Amino acid sequence: MTRSPRSASRRRALRMLAGAAALAAPAVRATESFLARPITLWVPWPAGGATDQTMRLLADLAGKHLGQRIVIENRAGAGGTLVMPVLQQAAPDGYTIAQMPHPVFRAPHTQKVLWDPIRDTTPIIQVSGVTFGVVVPAASEFRSLEDLMAWAAAHPGVLSVSTNGAGTTPHVVMEELFGRRNLRWIHVPYKGTSEQMVAVAAGQVMAGVNSNGFAPFVDGGSLRLLVTFGENRTKRWPTVPTLKELGLGVVASSPYGLAGPRGMASGLVKTLHDAFKAAMFDPQHVAELTRYDQEVIYLNSDDYGRSMRETFANERRIVERLGLGKPV
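Every value quoted in this text rests on a predicted model; they were computed, and no experiment measured them.

Regarding its fold elements, the protein presents eleven helices and eleven strands. Residue burial in the protein is summarised as follows: out of 328 residues, 50% are buried. Here the analysis covers contacts within the protein between residues at least 6 apart in sequence; of these, 75% occur between residues at least 24 apart. Taken as a whole, the protein presents about 15,400 Å² of accessible surface, with 54% of it coming from carbon and sulfur.

Here it is, written out as structure tokens:
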């Protein structure tokens, strides 16, 4: 029996559709399997701090979009870099993700580490950035950054300044500012913002440098904000100058995002990206960021990956310029 060209064409079309369905089925099953248990989001700062609180809300909102819980695990210390060994050792199955703080892009240039923030991660999404600033107790005699620097010059090696850890952006910026004037100071690192700000307010250290976790303390009147590190003055504290406008040529905002282990499948990345993107722009999350003078700074997975690579290269140049490179 002779088969018509039309029926042969129809059969070929049906075979193509069947093949496409067969290819699509595993992807659907993989997504269903992926969402079968809670996801863990590692935050490299102590519980209760500004980043921890915003991450917890973001995780809760994203979990609702996924239909699965996202559990926060804190791993503080080492300037926020302790999430890297977690990602390096985790399976790329989507169940382990982490916040990527700025210090992970600097640490490999200043110390010997067994991980690489580019090689060992899969970028998911960029979330926001932070407002850094220098704070002192409300009763302090220091009314400006220049007051602080002048006092340090008159009292070599006596001024105590706390940061959120060695090698963090606040630490590096202060090293640069004090180094320009050959000033000696005492660096006091803390694991978390809340603990650090309480210590500054109590006068245990003379000044503190950190991200916007200082906001409640400044607004509450226990701390005085001397300067911020952004491109422009903040809407929240419009009378406080920036390092840039003081002629110091420093701008730092440390954008951060989320990443998973190396080798995550594109389907898993897209599922997580889409859920977190929806959560990021949720009014609740936007309002929570506003509490700390932050805003959404969204980048998709590809753009965030490019930004990570650029940041990693730029940090190497900064470290070399400041002479902070790791020992040979």
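Within a regular beta strand, the side chains point alternately toward one face of the sheet and then the other, so they alternate between its two faces. Relative to strand β7 (residues 186–189), strand β6 (residues 160–163) runs parallel, the two sharing four bridges. Bridging from a neighbouring strand, Val-161 pairs with His-187 of β7.

This paragraph deals with the sheet that holds strand β4 (residues 121–128). If you trace the six strands from one edge of the open sheet to the other, you get β2-β1-β3-β10-β4-β11, paired in mixed fashion. The open sheet is flanked by β2 (70–74) and β11 (296–299), the only strands paired with a single partner. Looking at each pair of strands side by side, their axes are set apart by 30 degrees on average, direction ignored. Here β4 pairs with strand β10 (residues 256–261) via six bridges, running antiparallel. What sits directly across from Thr-122, in β10, is Gly-260. Its contacts with the sheet put helix α9 (residues 266–280) on β1 (39–43), β2, β3 (96–100), β4, β10 and β11, and the angle it makes with β4 is roughly 10 degrees.

This brings us to the sheet that holds strand β9 (residues 223–228). Note on sheets: strands pair through backbone hydrogen bonds, and any given pair is parallel or antiparallel. Across the sheet, five strands lie side by side as β7-β6-β8-β5-β9; this open sheet has mixed pairing. Sheet topology places β7 and β9 at the edges, where each strand pairs with a single neighbour. Adjacent strand axes in the sheet meet at a mean angle of 25 degrees when their direction is disregarded. In this structure, strand β5 (residues 133–137) lies alongside strand β8 (residues 207–210), joined through three bridges in antiparallel fashion. Its bridge partner lying in β8, Val-135 is registered against Gly-208. Sheet strands in contact with helix α6 (residues 169–180) are β5, β6, β7 and β8, and its direction is about 150 degrees off that of β6. Across the face of the sheet, helix α7 (residues 193–201) comes into contact with β5, β6, β8 and β9 while running at roughly 155 degrees to β8.

What follows covers helix α2 (residues 50–66). Look at α2: 24 Å from first C-alpha to last across 17 residues, which is about the 24 Å you get at 1.5 Å a residue. By the criterion of burial, α2 is predominantly enclosed, with twelve of the 17 residues buried. Looking only at α2, the buried set comprises Ala-50, Thr-51, Asp-52, Thr-54, Met-55, Leu-57, Leu-58, Ala-59, Leu-61, Ala-62, Gly-63 and Leu-66. Taken from the residues just after α2, Gly-67 is the one with a positive phi, measuring 75 degrees.

With burial as the criterion, only one face of β1 is covered, namely that bearing Ile-39, Leu-41 and Val-43; the residues Thr-40 and Trp-42 on the opposite face remain uncovered. Tracing the backbone out of β1, into α2 and back to the parallel element β2 gives a crossover that is right-handed. Sheet analysis places β1 next to β3, joined by three bridges and oriented parallel. Note on β3: the bridge partner recorded for Trp-42 is Ala-98.

The next subject is the packing of aromatic side chains. As enumerated under the stated definition, the model contains six aromatic pairs in all. Measuring from ring centre to ring centre gives 6.1 Å for Phe-142 and Trp-151, while their planes differ by 75 degrees; the resulting arrangement is edge-to-face. For the residue pair Phe-142 and Trp-151, the accessibility class agrees, reading buried in each case. For the ring pair Phe-214 and Trp-237, a centre distance of 5.7 Å and an interplane angle of 50 degrees mean the geometry is tilted. Here Phe-214 is found in the loop between β8 and α8 (215–219), whereas its partner Trp-237 is found in the loop between β9 and β10, with 23 residues between them in sequence. When its relative accessible area of 8% is taken as the criterion, Trp-237 is described as buried.

Conventions used here
- Residues numbered from 1 in each chain as written.
- Predicted model: local features only at pLDDT ≥ 70, side-chain atom pairs only at ≥ 80, totals over all residues.
- Heavy atoms only, no water.
- Helix = DSSP H or I, 4+ residues; strand = E, 2+ residues; numbered from the N terminus.
- Buried < 20%, exposed > 50% of the residue type's maximum accessible area, 1.4 Å probe, protein only.
- Contact = heavy atoms within 4.5 Å.
- Areas by Shrake-Rupley, 256 points an atom, 1.4 Å probe, with all protein chains shown as cover.
- Pairing = 2+ DSSP bridges.
- Axes fitted to C-alpha atoms, helices over the stretch in contact; angles between N-to-C directions.
- Expected span 1.5 Å × (residues − 1).
- Right-handed = clockwise from strand over helix to strand, strands pointing away.
- Phe/Tyr/Trp six-rings, centres within 6.5 Å; stacked < 30°, edge-to-face > 60°.

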